[in-house]
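Chain and residue survey
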Amino acid sequence: MAIIFNEKDKIFNIQTKNSSLVFGIYKDKLPVMLHYGKRLKDTYDIKKTLDFTMVKGTAHNAVLKDFDNEFSTEIVSTLYPTYGNTDLRNPAISIVQNNGTMCSSFYYKSHKIIKGKNKIEGLPQTYVQDGDNVESLELCLYDDIDNIELILNYSAFYDYDIITQSVKVINKSDKEIKIDRIMSASVDLKHKNLDFIHLQGAWCHECHIQRVPVMTGGMTIDSKRGCSSPNHNPFFALADKCANEDMGEVYGFNLIYSGNFVAGVEVDSIKTTRAYIGINPFNFGWTLEAGESFTTPEAMMNYSCEGLGKMSDNFHKIIRKRICRGKYRDIRRPLLLNNWEATYFDFDEEKLLKIAKKAKETGIELFVLDDGWFGKRNTDNCSLGDWYVNKEKLPSGIDGLAKKVNDLGLKFGLWFEPETICVDSDLYRAHPDWCIHIEGRPQNECRNELLLDLSRDEVCDYVIDIMSKNLSEANISYVKWDMNRSMSDIGSCGFAPERQCEIAHRYILGLYRIMDTLTKKFPDVLFEGCASGGARFDAGILYYFPQIWTSDCSDAVERMFIQHGASLVYPTSAMSAHVSASPNHQVKRSVSMKTRGNVAMCGTFGYELDLNKLTEEEMEEVNNQIKIYEDVVNITQQGTMYRLLSPYEQSYVAWEYVSEDEQKVVVMLGIVLRQGGIRWDTTKLILKGLDKDADYVLENTGEVYSGDFLMNFGLYKQLYQDFDTELLIFKKVK
Ligand code: GLA
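Values in this document were obtained by computation on a predicted structure and should not be read as measured data.

**Let's talk about the pattern of salt bridges**
This structure, assessed with the given rule, holds 58 salt bridges. Taking the shortest distance from any N to any O, the salt bridge between Lys357 and Glu361 comes out at 3.6 Å. With Lys357 and Glu361 both in helix α4 (residues 349–362) and 4 residues apart, the pair spans about one turn of that helix. For Glu502, the salt bridge is made with Arg506, and the minimal N-O distance between the two is 2.8 Å. Overall, Glu502 belongs to the buried group, its relative accessible area being 0%. The structure contains a network of salt bridges with shared partners spanning Asp87, Arg89, Asp188, Asp268 and Arg274.

Here's what the structure looks like:
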């Protein structure tokens with residue numbers, strides 16, 4: 001059982017294999033947060049400590065009249081804090097009532113525990129498959145002054161060690177109300193001295209790990225950019241000061257959402273840490289007419305008492321197996337070559353086929369044509385929205401080109417940026433009001449583009465139709481779905497003034513409807529997400545598309561940091577990574593072909609260069625790489641990942657992957673900058689997750705080591721040159 005209700009004491013214990021979230025219903029009324037952390041077997045002793053928990057406030061705290069002034073919710077943690085009563089910290093929810101005030105009190109009404117999990121309409125989410133040990137609790141709370149129902153939905157993925165939460169508000173009154181803030185999850189922790197870990201960055205520099213101490217007052221990360229953003233990923237972890245990869249308590253939070261989010265902690269004067277994650281309340285508001293409801297995106301809560309490594313493993317497994325879907329979820333992704341960095345906009349059919357032919361000879365399986373094939377697009381200043389082929393460049397059309405690529409023995413893939421529109425496009429000329437904009441204000445462009453107004457159904461229907469047309473008219477096996485701007489000047493002419501602060505969220509709901517429809521209609525197409533690289537690298541996208549272009553920076557050294565950071569949450573199978581030219585086009589760094597290959601192999605692997613331009617020596621390396629890739633792909637994409645050495649902490653990086661059947665092990669070891677002095681430049685590679693009683697042959701050399709030795713003593717390793725890497729492959733022999 002994953003959810004236990006202690007009827008006598010009115011205490012719920014939401015359990016996973018190693019964690020418990022425990023709350024009680026005080027005096028049959030107030031849901032009180034009691035514990036989130038290590039798994040509690042049962043809750044019968046909690047009652048004895050309740051007096052201690054239910055302390056009255058001090059001089060400056062208001063006390064709750066509803067409970068005879070017994071206590072203040074500023075000191076007693078409620079399960080889902082509201083604004084306006086006696087808790088004056090960041091609330092989980094604030095609602096502007098019909099009389100203009102902002103106070104709510106939600107008390108227990110009923111609850112239901114079910115096997116499995118109900119579907120959340122219109123949003124990405126975790127799902128359950130036959131045989132899963134998952135239970136869900138629907139806790140119904142009610143504010144009977146304003147007649148508003150609040151349903152807290154918790155699901156315990158027992159074996160995945162993850163608890164999910166989403167929240168639904170139903171306006172049961174006959175008056176209009178407005179949601180001002182609504183978090184997907186909010187928990188109060190009694191821990192002191194926690195660190196806040198998050199993934200920050202910028203374009204070409206996404207997912208860099210930052211770890212800072214949590215201070216009284218707290219800290220927040222967010223996105224106001226209309227997408228989850230390269231600046232902050234919708235994830236954070238709270239870790240014990242001493243927590244590292246292998247030990248210590250860590251609380252991970254992730255929002256399954258691709259739009260504006262907020263995530264943070266508030267630490268009060270008695271050192272209670274309130275952690276929260278949800279839609280960003282900035283420029284957000286949602287009007288609920290009588291009878292209407294609103295459901296938040298789902299959040300994942302991931303408690304690990306075995307450090308960051310276990311937290312990541314939990315996230316990897318649930319994202320890979322219970323968020324990602326479709327044909328490609330569990331299978332090896334095709335090895336691709338994308339023409340973008342090989343040609344940019346400067347191509348014709350002959351040039352493309354020459355690149356594709358060489359790719360086929362090398363063992364590549366999928367040829368992807370990137371930007372520049374449609375409208376009159378020869379640079380990035382026009383034609384987004386005009387999704388018909390440029391016959392001057394491609395006289396046989398996309399259909400003809402796809403056939404020719406297929407005839408070479410390759411699958412064919414195509415780039416689209418379906419959510420955007422250029423002012424210089426037939427689509428804009430026909431529908432100038434179809435973009436996100438504010439009447440009477442300038443339409444500020446980014447990369448010469450505007451966003452289509454996906455808050456409007458008719459615009460979404462157009463995107464579905466035009467994409468369906470393109471995908472039906474040619475043999476397209478793969479789609480790179482790009483989106484290259486932040487959302488600014490937010491406004492929609494499809495909605496009344498009082499609904500304008502719904503637009504950013506409505507856009508994401510529209511996008512999800514489009515993605516859902518197209519992925520269902522074209523189940524054999526492999527869709528890859530992209531947003532100027534990793535500007536929308538989140539679990540929301542992964543519900544529809546199983547992989548995402550991790551960053552526009554294809555430099556292997558920058559990628560060591562990006563992929564290491566992204567791996568805190570996201571599995572290897574989600575991180576698209578390509579070998580590109582050297583010197584690298586984004587950072588001008590020269591890196592060996594071997595290193596470019598080794599780093600890219602720790603993602604969904606591909607090439608993004610013209611193989612015809614490589615030297616014989618480089619081609620030999622590519623041929624070798626593709627052989628190795630065949631050997632390791634299932635291990636890196638479906639195995640268990642361990643971070644052994646962090647480039648954020650010293651000069652080496654090391655990632656280990658253990659195959660699902662535990663028979664094979666791959667280690668990618670790399671050095672960023674070599675330091676002076678031999679001593680400083682030697683590292684010890686201590687493996688994890690092996691069988692200590694088994695032996696492993698290192699296939700690169702034929703040497704045999706015991707699992708015990710590899711895990712408890714380790715291998716001394718030295719790489720001699722900046723940016724050098726080595727891929728070690730071990731096989732269990734007995
Ligand atoms: C974005 C993508 C790139 C490429 C270009 C094409 O920047 O992230 O990979 O597709 O657009 O314009």
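**Regarding the sheet that holds strand β3 (residues 19–26)**
The antiparallel open sheet is built from 4 strands, whose spatial order is β1-β2-β3-β4. Unpaired on one side and paired on the other, β1 (3–6) and β4 (30–38) mark the two borders of the sheet. Sheet twist, expressed as the mean angle between neighbouring strand axes with direction ignored, is 15°. As paired elements, strand β2 (residues 11–15) and β3 share 5 bridges and run antiparallel to each other. The residue bridging Ile11 from the neighbouring strand is Gly24, located in β3.

**Considering the site of the ligand**
Not every one of the 13 residues close to the ligand is listed here, only the nearest: Asp370, Asp371, Arg447, Lys480 and Asp552. Between the ligand and Trp415, the relevant distance is 3.0 Å, taken from an oxygen atom to a side-chain nitrogen or oxygen of the residue. At 2.9 Å from an oxygen atom of the ligand is found a side-chain nitrogen or oxygen belonging to Arg447. Notes on the ligand: free accessible area 310 Å², of which the protein chains cover 95%. The residue makeup of the shell around the ligand, split by class, is 4 nonpolar, 3 polar and 6 charged.

**Section: the packing of helix α7 (residues 457–473) against helix α8 (residues 503–521)**
It is the contact of α7 with α8, at a shortest axis distance of 10 Å, that shows an interaxial angle of 25°. Put simply, α7 runs roughly parallel to α8. Crossing hand, α7 versus α8: right-handed. In this structure, α7 uses Asp457, Cys460, Asp461, Val463, Ile464, Met467 and Ser468 to contact α8, whose residues at the interface are Gly510, Arg513, Ile514, Thr517, Leu518 and Lys521. Looking at the contact of α7 with α8 residue by residue, the classes come out as 6 nonpolar, 3 polar and 4 charged.

**Details of the packing of helix α11 (residues 593–600) against helix α12 (residues 616–638)**
Their axes nearest at 9 Å, the elements α11 and α12 cross at an angle of 25°. Taken together, the axis directions place α11 and α12 in an arrangement best described as roughly parallel. Relative to α12, α11 is oriented so that their crossing is right-handed. The residues of α12 that touch α11, namely those facing Met593, Lys594, Arg596 and Gly597, are Glu618, Glu621, Val622 and Gln625. When grouped by side-chain class, the residues that make up the contact of α11 with α12 number 2 nonpolar, 2 polar and 4 charged.

**A short note on the sheet that holds strand β36 (residues 703–706)**
The strand order across the open sheet built from 6 strands is β31-β32-β33-β38-β35-β36, with neighbouring strands paired in antiparallel fashion. Each edge of the open sheet carries a strand with a single partner, namely β31 (640–645) and β36. Neighbour-to-neighbour, the strand axes of this sheet turn through a mean angle of 25°, independent of strand direction. Across 3 bridges, the pairing between strand β35 (residues 695–698) and strand β38 (residues 725–732) is antiparallel. For Val697, the partnering residue across the bridge sits in β38 and is Lys731.

Definitions and cut-offs
- Residues numbered from 1 in each chain as written.
- Predicted model: local features only at pLDDT ≥ 70, side-chain atom pairs only at ≥ 80, totals over all residues.
- Heavy atoms only, no water.
- Salt bridge = Lys/Arg side-chain N within 4 Å of Asp/Glu carboxyl O.
- Helix = DSSP H or I, 4+ residues; strand = E, 2+ residues; numbered from the N terminus.
- Buried < 20%, exposed > 50% of the residue type's maximum accessible area, 1.4 Å probe, protein only.
- Pairing = 2+ DSSP bridges.
- Axes fitted to C-alpha atoms, helices over the stretch in contact; angles between N-to-C directions.
- Near = heavy atom within 4 Å.
- Polar contact = N/O pair within 3.5 Å; in protein donor to acceptor, adjacent residues only side chain to side chain.
- Areas by Shrake-Rupley, 256 points an atom, 1.4 Å probe, with all protein chains shown as cover.
- Nonpolar A, V, L, I, M, F, W, Y, C, P; charged D, E, K, R; others polar.
- Parallel < 35°, antiparallel > 145°, perpendicular 65-115°, else oblique.
- Left-handed = near helix turned anticlockwise from the far one by under 90°.
- Contact = heavy atoms within 4.5 Å.

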